Number of protein chains: 2
Amino acid sequence: MTAYDALMAFTRETEALAQIAGRLDWDQETMMPRGAGPQRGEECAAIAGVLHARRIDPQVGEWLAALEDAELDATAQAQLRHIRRSHARNSKVPAALATRIARVTSEAQGIWAEARANEDVASFTPILKEIIALRREEAQALSEGGPLYDALLDDYEPGTTGDELAAMFGALRPALAELRAAVREAPAPPALTGRFDEAAQMALSRTLAEVFGYDMTHGRVDKAVHPFSSGSGLDVRITTRTNPEDPFNCFYSTIHEVGHATYEQNIDRAYLLTPLGAGVSMGVHESQSRIYENQIGRSRAFTGWLFGQMRDAFGDFGIGDEETFYASVNRVADGYIRTEADELQYNLHVLMRFDLERALMAGDLGVADLEAAWNDRFAADFGFAVDKPSNGMLQDVHWSVGLFGYFPTYSLGNVYAGCLHEAMRAAVPDLDDQLSRGDASGATAWLRENVQRHGGLYAPREVIARACGAAPSEAPLLAYLKQKFSDIYDL
Amino acid sequence: MTAYDALMAFTRETEALAQIAGRLDWDQETMMPRGAGPQRGEECAAIAGVLHARRIDPQVGEWLAALEDAELDATAQAQLRHIRRSHARNSKVPAALATRIARVTSEAQGIWAEARANEDVASFTPILKEIIALRREEAQALSEGGPLYDALLDDYEPGTTGDELAAMFGALRPALAELRAAVREAPAPPALTGRFDEAAQMALSRTLAEVFGYDMTHGRVDKAVHPFSSGSGLDVRITTRTNPEDPFNCFYSTIHEVGHATYEQNIDRAYLLTPLGAGVSMGVHESQSRIYENQIGRSRAFTGWLFGQMRDAFGDFGIGDEETFYASVNRVADGYIRTEADELQYNLHVLMRFDLERALMAGDLGVADLEAAWNDRFAADFGFAVDKPSNGMLQDVHWSVGLFGYFPTYSLGNVYAGCLHEAMRAAVPDLDDQLSRGDASGATAWLRENVQRHGGLYAPREVIARACGAAPSEAPLLAYLKQKFSDIYDL
């Protein structure tokens with residue numbers, strides 16, 4: 001066996017174990033008996049320990065060294081690039097620090113949840129300070145001289161820098177704020193009201209999943225408190241949720257997760273259980289979930305079809321025509337909560353997180369000043385004041401679990417989705433005809449061919465550039481949002 | 001940290017990983033998308049490899065050596081006994097042999113299933129020969145001079161020998177055959193007929209599970225093709241099945257698995273994720289499932305209560321009184337299939353497997369002669385001829401997956417259940433009053449206190465002897481069966 005074959009056999013086992021760890025998380029959110037938590041904690045720690053040991057295994061380093069100058073094809077080189085990166089990053093972080101981060105962030109989730117329930121920022125700040133100090137220490141270990149923030153960002157979006165994102169987001173923010181202000185002046189379409197049977201919501205959810213190309217022979221749909229997608233390759237599961245008063249939440253959560261899941265399902269099967277066999281970055285992943293959810297799922301053509309489906313499932317629900325239904329699906333409303341935000345306002349939330357966490361990591365903003373900074377920024381971008389911490393800086397779990405550098409990938413995903421949507425429209429000119437019949441196979445086929453099948457073969461920006469024929473830019477997203485909301489709101 | 005603490009910390013992680021491996025199996029039988037098989041195979045192999053490596057880890061050997069003369073309490077000594085045994089057994093089997101056995105038995109399951117479907121013994125015999133040769137080779141490696149069969153038996157029932165079982169079963173067989181012959185002469189009670197709603201079966205199944213003390217906060221009930229129990233400690237799940245024409249299959253499968261599961265749930269929580277934190281042997285495990293299923297679940301008192309539950313759930317189902325219902329639940333009928341056999345005939349099936357597989361392992365019976373030996377023995381014990389291989393030697397999956405030495409634990413479990421039942425009746429004199437009200441908590445409390453809580457603390461026979469105040473013997477089981485079936489059949 002060559003060094004490459006040996007390394008790949010070892011890596012394949014590691015990837016299989018990583019799939020198991022992911023399935024444990026799925027089980028915890030969907031099936032686990034409620035009293036099993038303490039035991040599950042030990043199980044998760046045990047498999048995480050096994051995975052970490054394999055990722056820093058010195059033998060991996062030796063194989064990599066032996067392959068330093070090997071002549072390999074492009075696929076093998078891409079595999080090695082991923083393995084080398086994972087080995088280097090995991091090896092650079094001292095075990096004691098990794099353990100400490102795991103312990104502190106585990107403890108912090110409970111403290112954050114209680115602080116949020118009690119509207120008590122002060123009880124959360126000490127541990128948030130500790131988390132930031134630990135993540136800065138980790139970033140020091142990982143960084144090769146660049147900004148600390150970039151070292152963390154690189155975990156979620158390899159090859160992208162904070163400065164690049166700041167330039168992109170800097171162009172996005174004023175334009176979004178301006179568009180939002182115009183929309184707020186215009187008369188709002190009606191909101192959906194009434195009650196919608198939850199079993200019928202789940203049934204239509206499954207239909208939607210299949211319409212968007214989700215393969216049920218390699219997946220399943222269950223309910224969970226927070227929708228998510230889990231797994232790669234031949235076993236990619238999604239969850240959704242139901243609320244009798246808000247079927248859109250169910251349907252668009254489903255479509256969003258289907259975007260993540262079909263990406264994983266459609267990766268070239270030759271990459272199964274290898275580093276290339278998973279979505280390449282959080283940003284590209286989010287581009288798939290968001291293009292399904294928004295550019296396709298909330299389009300005039302597709303909502304026209306969905307309107308008929310909802311009439312079939314629920315009878316008359318108070319909205320009488322496709323045009324009003326389309327406006328209602330895309331209704332822009334004031335709100336504090338990022339995860340509930342509409343397509344137009346969502347990125348303003350994310351851009352705020354990005355600027356704040358970048359300042360925290362750079363040391364330009366102290367935790368003591370975070371709430372004030374949050375509230376000032378919110379008032380500036382949204383035009384009204386945060387009323388309580390659970391609607392402000394305590395609303396997201398991310399920082400309590402140590403996720404710094406993750407937030408911007410949400411908006412980067414939207415930017416990528418804007419680019420892909422523009423290219424897809426050009427390539428599939430009759431897309432709206434298809435969507436108006438409830439047929440998303442043309443869209444899925446284009447995304448599979450141009451993005452999804454590649455898995456980790458290309459760097460994130462390269463995947464998008466190849467699919468679109470141009471470097472990613474925020475311009476297509478902005479143009480799309482301007483046109484869409486100008487139409488709906490008669491601006 | 002002392003060597004003992006270090007060893008136990010390592011072992012605890014291993015046990016946690018073993019729980020994960022078990023949960024993967026559960027998922028495969030209940031939740032896994034049907035196209036995920038090939039990936040799941042690699043996942044199972046990867047975690048099995050991790051577990052094996054930990055079990056033979058040289059550091060475990062060093063810790064054990066360092067603790068050779070350590071003064072430890074009885075619990076710690078029991079932990080070491082289990083760890084030492086597992087380390088020694090796993091270390092004795094060469095890795096290449098273990099891999100070969102895994103590969104051949106994996107392949108054999110498909111060949112067996114096809115042979116059974118085609119009634120084609122000849123297509124199965126070559127691989128069965130290979131499996132037997134491999135298991136004999138393994139037994140050679142494990143054996144310390146005793147019979148090869150005993151070396152395999154020791155995996156499932158530590159400390160019990162083939163000769164001990166042969167003596168016990170030798171006393172059982174003629175008595176069972178005689179009782180069976182007498183029952184066959186007597187008029188049979190009516191069989192249950194009609195159709196029974198499957199959702200109502202599942203609902204009553206859950207009631208039964210709770211009646212027998214199954215803790216739903218640390219477990220769950222799902223459907224699967226073959227009922228099973230899975231997991232230890234805080235997460236012990238069961239499955240059952242429904243057949244619209246046979247609700248007894250659902251109810252008694254549930255009660256059987258609840259016996260296995262409550263054993264695991266009721267082990268002293270101090271043993272969680274340690275070698276003592278699981279049922280001590282297959283025989284003791286089966287004693288719990290069978291005493292719940294048969295001595296309690298099929299008793300006159302309990303079936304009286306169940307009759308009322310079934311009337312509530314299904315209305316009039318053609319059996320008009322408790323006495324007839326009791327007889328119907330315990331109806332003895334001719335049949336070929338072990339897993340469908342009633343309480344009276346079941347052990348005759350198992351005793352046959354035991355004698356045949358022991359002869360195969362000893363080299364006294366060749367695979368070429370197995371079918372004839374099976375059919376001769378069946379005719380002698382059951383009084384009619386096997387009509388086709390799927391009703392004969394191809395009916396059980398066990399040998400195709402290499403399980404030699406496992407079968408006798410079924411009957412040993414029944415023998416143990418007989419002993420425990422006798423002791424429990426003496427200790428809980430009003431048990432029938434309780435059971436006739438649908439209250440099994442007295443039985444469960446006695447079993448928890450005298451058997452279940454100990455987990456792996458005592459050797460299997462010792463657990464039973466302590467609970468019963470006497471060494472295990474087949475006599476109580478025989479006496480119980482004679483009385484029960486003499487009553488029902490007016491012998």
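Residue indices begin from 1 for each chain and proceed along its sequence in written order. Lettering for chains starts from A, numbering for ligands starts from 1, and both go in the order in which the items are written. Given that this is a predicted model, residues contribute local features only at a pLDDT of at least 70 and side-chain atom pairs are listed and counted only at 80 or more, while totals for whole chains, interfaces and linings are drawn from all residues. The basis for every side-chain value is the complete set of non-hydrogen atoms in the structure, without hydrogens or water.

### As for the overall build of chain A
Working step 1: By definition, any uninterrupted DSSP run of H or I lasting at least four residues is a helix, any uninterrupted run of E lasting at least two residues is a strand, and each is numbered from the N terminus. Each helix and strand counted, chain A has 20 helices and three strands in total.
Working step 2: Here the radius of gyration uses the C-alpha set of atoms, whereas the globule reference equals 2.2 Å times the residue count to the power 0.38. Over its C-alpha atoms chain A spans a radius of gyration of 23 Å, differing by no more than 12% from the 23 Å that the globule rule assigns to 491 residues.
Working step 3: Dimensions of chain A, computed from C-alpha atoms along their principal axes, come out at roughly 65 × 50 × 50 Å.
Working step 4: The buried share of chain A, taken over its 491 residues, is 56%.
Working step 5: Every residue pair with non-hydrogen atoms within 4.5 Å of one another is taken to be in contact. Pairs at least 24 apart in sequence give 73% of the contacts found in chain A among residues at least 6 apart.
Working step 6: In short, Shrake-Rupley with a 1.4 Å probe defines the accessible areas, and a residue's cover is counted only from the protein chains shown. About 19,100 Å² of surface is accessible on chain A, with carbon and sulfur atoms providing 49% of the total.
Working step 7: Between the mean site of the 45 positive side-chain charges and the mean site of the 71 negative ones, chain A shows a separation of 2 Å. Note on classification: 1.4 Å probe, protein chains only; a residue is buried when its accessible area is under 20% of the maximum for its type, exposed when over 50%, partly exposed between these limits. Note that His is not counted, nor are the chain ends; the positive residues are Lys and Arg, and the negative ones are Asp and Glu. The atoms used to mark charge sites are NZ of Lys, CZ of Arg, CG of Asp and CD of Glu.

### So, the sheet that holds strand β2 (residues 229-230) of chain A
Residue and element names in this part refer to chain A.
Working step 1: At least two bridges found by DSSP between two strands are what make those strands a pair. If you trace the three strands from one edge of the open sheet to the other, you get β1-β3-β2, paired in mixed fashion. The open sheet terminates on both sides in strands that have one partner only, identified here as β1 (221-223) and β2.
Working step 2: By the bridge criterion, three bridges tie β1 to strand β3 (residues 237-240) in an arrangement that is parallel. In the strand pairing of β3, Val221 is matched with Ile238.
Working step 3: To obtain an axis, a line is fitted to C-alpha atoms, over the contacting stretch when the element is a helix, and the angle between two such axes runs from 0 to 180 degrees between their N-to-C directions. Taken strand by strand, helix α9 (residues 198-211) contacts β1 and β3, and its axis lies near 150 degrees from that of β1.
Working step 4: Along the sheet, helix α10 (residues 247-265) contacts β2 and β3; its crossing angle with β3, the most-contacted strand, is approximately 165 degrees.

### Remarks on the relation of the copies chain A and chain B
Working step 1: Turning chain A through 180 degrees and shifting it by 0.0 Å along the axis lays it on chain B, with an RMSD of 0.0 Å. Classification of the inter-copy transformation places it as that of a two-fold axis.
Working step 2: A share of 100% of interface residues in chain A that are also interface residues in chain B marks the association as one of identical surfaces. Least-squares superposition aligns the copies on the C-alpha atoms of those residues with pLDDT at or above 70 in both.

### With respect to the domain arrangement of chain A
Residues and elements named next belong to chain A.
Working step 1: When its domains are assigned, chain A resolves into domain 1 (3-156) and domain 2 (158-491).
Working step 2: By convention here, the domain bounds are inherited from an automatic or database domain assignment. Distance from the C-alpha centre of domain 1 to the C-alpha centre of domain 2: 26 Å.
Working step 3: With 44 residues of domain 1 at the contact, the number on the domain 2 side is 58 residues.
Working step 4: The term buried area means the drop in 1.4 Å probe accessible area that two parts suffer when joined, counted for both and summed. Where domain 1 abuts domain 2, roughly 4,300 Å² becomes buried across the two surfaces, and 66% of that area is made up of carbon and sulfur atoms.
Working step 5: Ranking the residues of domain 1 by area buried against domain 2 places Trp26, Tyr149 and Tyr156 at the top, with a combined share of 20%.
Working step 6: Any N or O atom pair separated by 3.5 Å or less is treated as a polar contact, with the protein-specific requirement of one donor-capable and one acceptor-capable atom, and with residues adjacent in sequence counted only for side-chain atom pairs. Counting every contact that joins domain 1 to domain 2 gives 16 residue pairs in polar contact (both at pLDDT 80 or more).

### What to know about the sheet that holds strand β3 (residues 237-240) of chain B
All names here are of chain B.
Working step 1: Strand order in this open sheet of three strands is β1-β3-β2, and the pairing throughout is mixed. Single-partner strands in this sheet number two, and they are β1 (221-223) and β2 (229-230).
Working step 2: Here β2 pairs with β3 via two bridges, running antiparallel. The partner of Ser229 across the bridge, within β3, is Ile238.
Working step 3: Along the sheet face, helix α9 (residues 198-211) touches β1 and β3 and points at about 150 degrees away from the line of β1.

### Some remarks on unusual backbone geometry
All names here are of chain B.
Working step 1: At Glu119, a position not held by glycine, the phi torsion is positive, near 55 degrees.
Working step 2: Here Glu119 shows up in the loop between α5 (95-118) and α6 (125-142).
Working step 3: Assessed through its relative accessible area of 29%, Glu119 is described here as partly exposed.
Working step 4: Its identity as a non-glycine residue notwithstanding, Asp490 has a phi of 50 degrees, on the positive side.
Working step 5: With respect to the helices and strands, the residue Asp490 is situated in the segment after α20 (475-489).
Working step 6: Exposure remark for Asp490: the relative accessible area of 69% places this residue in the exposed category.

### Remarks on the packing of helix α11 (residues 282-296) of chain A against helix α16 (residues 408-427) of chain A
All names here are of chain A.
Working step 1: Taken N-terminus to C-terminus, the directions of α11 and α16 make an angle of 60 degrees; their axes are 7 Å apart at the nearest point. As judged from the angle between their axes, α11 and α16 are oblique. Helix-helix and strand crossings are classified by hand; for α11 and α16 the assignment is right-handed. Where α11 approaches α16, its residues Met282, Gly283, Val284, Glu286, Ser287, Gln288, Arg290, Ile291, Gln295 and Ile296 are matched on the opposing element by Thr409, Tyr410, Gly413, Asn414, Tyr416, Ala417, Gly418, Leu420, His421, Met424 and Arg425.
Working step 2: For the contact of α11 with α16, a count of residues per class yields nine nonpolar, nine polar and three charged. Orientation categories follow fixed angle ranges, with anything under 35 degrees roughly parallel, anything over 145 roughly antiparallel, 65 to 115 roughly perpendicular, and all other angles oblique. Two helices that cross are described as forming a left-handed crossing if the nearer one is turned anticlockwise from the farther one by less than a right angle, and a right-handed crossing if clockwise. The classification used treats Ala, Val, Leu, Ile, Met, Phe, Trp, Tyr, Cys and Pro as nonpolar, Asp, Glu, Lys and Arg as charged, and all other residues, Gly among them, as polar.

### What about empty space enclosed by the protein?
Over the atoms rolls a probe the size of a water molecule, and in doing so it shows where empty space is left.
Working step 1: Cavity and pocket criteria rest on a 1 Å grid covering protein atoms alone: a 1.4 Å probe that fits but cannot get out defines a cavity, protein on both sides within 12 Å along at least 5 of 7 lines defines an open pocket, and an atom within 4 Å of a point defines a lining residue. Grid points are joined across faces, edges and corners, and a volume is the space filled by probe spheres set on the points. Per the counting criterion, the structure on display carries six cavities of 30 Å³ or more.
Working step 2: Taken as a whole, the largest cavity encloses approximately 80 Å³ of empty space.
Working step 3: Contributing elements (two or more residues each) for the lining of the largest cavity: α1 (3-30) of chain A together with α1 (3-30) of chain B.
Working step 4: Looking at the lining of the largest cavity, its residues break down into six nonpolar, no polar and four charged.

### A word on the packing of aromatic side chains
All names here are of chain B.
Working step 1: The criterion for an aromatic pair is that two Phe, Tyr or Trp rings (for Trp, the six-membered ring) have centres within 6.5 Å, with stacked assigned to planes under 30 degrees apart, edge-to-face to planes over 60 apart and tilted to the rest. What the rule picks out here adds up to 48 aromatic pairs over all chains.
Working step 2: Here the aromatic rings of Phe302 and Trp305 are separated by 5.2 Å at their centres, their planes lie at 45 degrees, and the arrangement is tilted. Taken as a pair, Phe302 and Trp305 lie in helix α12 (residues 300-314) at a separation of three residues, close to a single helical turn.
Working step 3: Using a relative accessible area of 0% as the deciding quantity, one classes Phe302 as buried.
Working step 4: Residue Trp305 is classed as buried on the basis of its relative accessible area, which comes to 15%.

### Topic: the nonpolar core
Working step 1: Leu128, Phe212, Phe251, Met310, Phe325, Phe404 and Met424 of chain B are the most contacted members of the largest nonpolar core, which has 130 residues in total.
Working step 2: Among the domains, domain 1 (3-147) and domain 2 (148-491) of chain B are the pair contributing at least three residues each to this core.
Working step 3: For Met424 of chain B, the residues in contact, after removing those within four places along its chain, are Ile291, Ile296, Leu431, Ala443, Trp446 and Leu447 of chain B.
Working step 4: Side-chain atoms within 4.5 Å are what join buried Ala, Val, Leu, Ile, Met, Phe, Trp, Tyr and Cys residues into a set we call a nonpolar core. Core analysis: the second largest hydrophobic core is formed by 128 residues, Tyr346, Val350, Tyr406 and Phe407 of chain A among them.

### Observations concerning the interface of chain A and chain B
Working step 1: Facing 37 residues of chain A, the contacting portion of chain B comprises 37 residues.
Working step 2: For the pair chain A and chain B, the summed buried area comes to about 2,900 Å², and 61% of that belongs to carbon and sulfur atoms.
Working step 3: For the chain A face of the interface with chain B, the top three residues by lost area are Ile20, Pro33 and Gln39 of chain A, together amounting to 20%.
Working step 4: A pairing counts as a salt bridge when a side-chain nitrogen of Lys or Arg comes within 4 Å of a carboxyl oxygen of Asp or Glu. Our count for the chain A to chain B interface comes out at eight salt bridges.
Working step 5: Between Glu42 of chain B and Arg12 of chain A there is a salt bridge, with the nearest N and O atoms lying 2.7 Å from each other.
Working step 6: For the side of chain A that touches chain B, the elements supplying multiple residues, two or more each, are α1 and α2 (37-55) of chain A.

### Comments concerning the pattern of salt bridges
Working step 1: Using the criterion set out here, one finds 66 salt bridges over all chains in the structure.
Working step 2: A salt bridge links Arg89 of chain A to Asp155 of chain A; its shortest N-O distance comes to 2.7 Å. Of this pair, Arg89 of chain A sits in helix α4 (residues 74-92) while Asp155 of chain A sits in helix α7 (residues 148-156), and the two are 66 residues apart along the sequence.
Working step 3: Of the charged contacts in the structure, one is a salt bridge between Arg173 of chain B and Asp381 of chain B, with a shortest N-O distance of 2.7 Å.

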